[in-house]
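Read off the chains here:
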Amino acid sequence: MAEISIAVYPGSFDPITNGHVDLVQRTLRIFDRVIIAIAYNQEKGGALFSVDERMATVRKVFESEERVRVDSFQGLLVDYAEAVSAKVVIRGLRAVSDFEYEFQMATMNRRLKPNIETFFMMTSESSFYISSRLVKEVAGLGGDVAAFVPEVVLDQLLEKFPRP
């Protein structure tokens, strides 16, 4: 019997964007299962949505995909990955500016847990400029972000930032 390959895709997902969704779909072409792991991140602070709201939203986005699991974690990512039997962490790269930070994190993670690999995936050309931070900023200023987020997220953003 073949071993099931599990990848962890960590992040804040505040909110999840179409770029995130694309990365998960592409990851499922390579791995049997993907765990979207929402981090309790004190450094980023000022989250628009609570971790519970983000988990519920991501579950809704992937409700028809049984190979996706949504979870949250605190502490070291590599400890979490090991606890859920994942051997791979997926990280998306949008631009060269992402690489230095991601490379440092991947190197530290490998030093902490050499049995867990980091896979870098380039975002699709249609979404390389999208980030959760920019989506929140544009939505907060009354801009249309419908092309950048799943419909359920758009509805939530319109609740947080009602249009006049």
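The following refers to the structure shown. Note that the coordinates shown come from a computational prediction; the quantities given were computed from them, not determined experimentally. (Residues numbered from 1 in each chain as written. Predicted model: local features only at pLDDT ≥ 70, side-chain atom pairs only at ≥ 80, totals over all residues. Heavy atoms only, no water.)

### With respect to the packing of aromatic side chains
Here is step 1 of the chain: Within this structure, the stated rule accounts for seven aromatic pairs.
Here is step 2 of the chain: Ring centres 5.4 Å apart and planes at 25 degrees place the aromatic pair Phe99 and Phe103 in the stacked group. You can see Phe99 and its partner Phe103 sitting in helix 4 (residues 96-112), four residues apart, about one turn around the helix.
Here is step 3 of the chain: Since its relative accessible area comes to 43%, Phe103 is described here as partly exposed.
Here is step 4 of the chain: Relative to Phe148, the ring of Tyr129 lies with its centre 6.0 Å away and its plane at 90 degrees, an arrangement referred to as edge-to-face. (Phe/Tyr/Trp six-rings, centres within 6.5 Å; stacked < 30°, edge-to-face > 60°. Helix = DSSP H or I, 4+ residues; strand = E, 2+ residues; numbered from the N terminus. Buried < 20%, exposed > 50% of the residue type's maximum accessible area, 1.4 Å probe, protein only.)

### Considering helix 4
Here is step 1 of the chain: Here helix 4 is 17 residues long and its end C-alpha atoms lie 25 Å apart, about the 24 Å a rise of 1.5 Å per residue gives.
Here is step 2 of the chain: When helix 4 is considered as a whole, its buried residues turn out to be Asp98, Glu102, Ala106 and Asn109.
Here is step 3 of the chain: Check the buried side of helix 4 and you find it contacts helix 3 (77-83), strand 4 (88-93) and strand 5 (117-122). (Expected span 1.5 Å × (residues − 1). Contact = heavy atoms within 4.5 Å.)

### What to know about the environment of Gly75
Here is step 1 of the chain: Tracing the backbone through its elements, the reader meets Gly75 in the loop between strand 3 (68-73) and helix 3.
Here is step 2 of the chain: Classification of Gly75 by relative accessible area gives exposed; the value is 62%.
Here is step 3 of the chain: For the pair Gly75 and Asn41, spaced 34 residues apart in the sequence, the C-alpha separation amounts to 9.0 Å.

### Re the pattern of salt bridges
Here is step 1 of the chain: In total, this model carries eleven salt bridges according to the counting rule given.
Here is step 2 of the chain: Its salt-bridge partner being Glu63, residue Lys60 comes within 3.9 Å of it at the nearest N-O pair.
Here is step 3 of the chain: Looking at Glu63, the relative accessible area reads 59%, which means it is exposed.
Here is step 4 of the chain: For Lys113, the salt bridge is made with Asp79, and the minimal N-O distance between the two is 3.3 Å. On the criterion of sequence distance, the pair formed by Lys113 in the loop between helix 4 and strand 5 and Asp79 in helix 3 is long-range, its members being 34 residues apart.
Here is step 5 of the chain: Within this structure, Asp79, Glu82 and Lys113 form a network of salt bridges that share partners. (Salt bridge = Lys/Arg side-chain N within 4 Å of Asp/Glu carboxyl O.)

### Looking at the sheet that holds strand 2 (residues 33-39)
Here is step 1 of the chain: Here five strands make up an open sheet; going across it, the order is 3-2-1-4-5 and the pairing parallel. The open sheet has two edge strands with one neighbour each: strand 3 and strand 5. Ignoring strand direction, the axes of neighbouring strands in this sheet form an average angle of 30 degrees.
Here is step 2 of the chain: In terms of strand pairing, strand 2 meets strand 3 through six bridges, oriented parallel. (Pairing = 2+ DSSP bridges. Axes fitted to C-alpha atoms, helices over the stretch in contact; angles between N-to-C directions.)

That is the geometry; function is a separate question.
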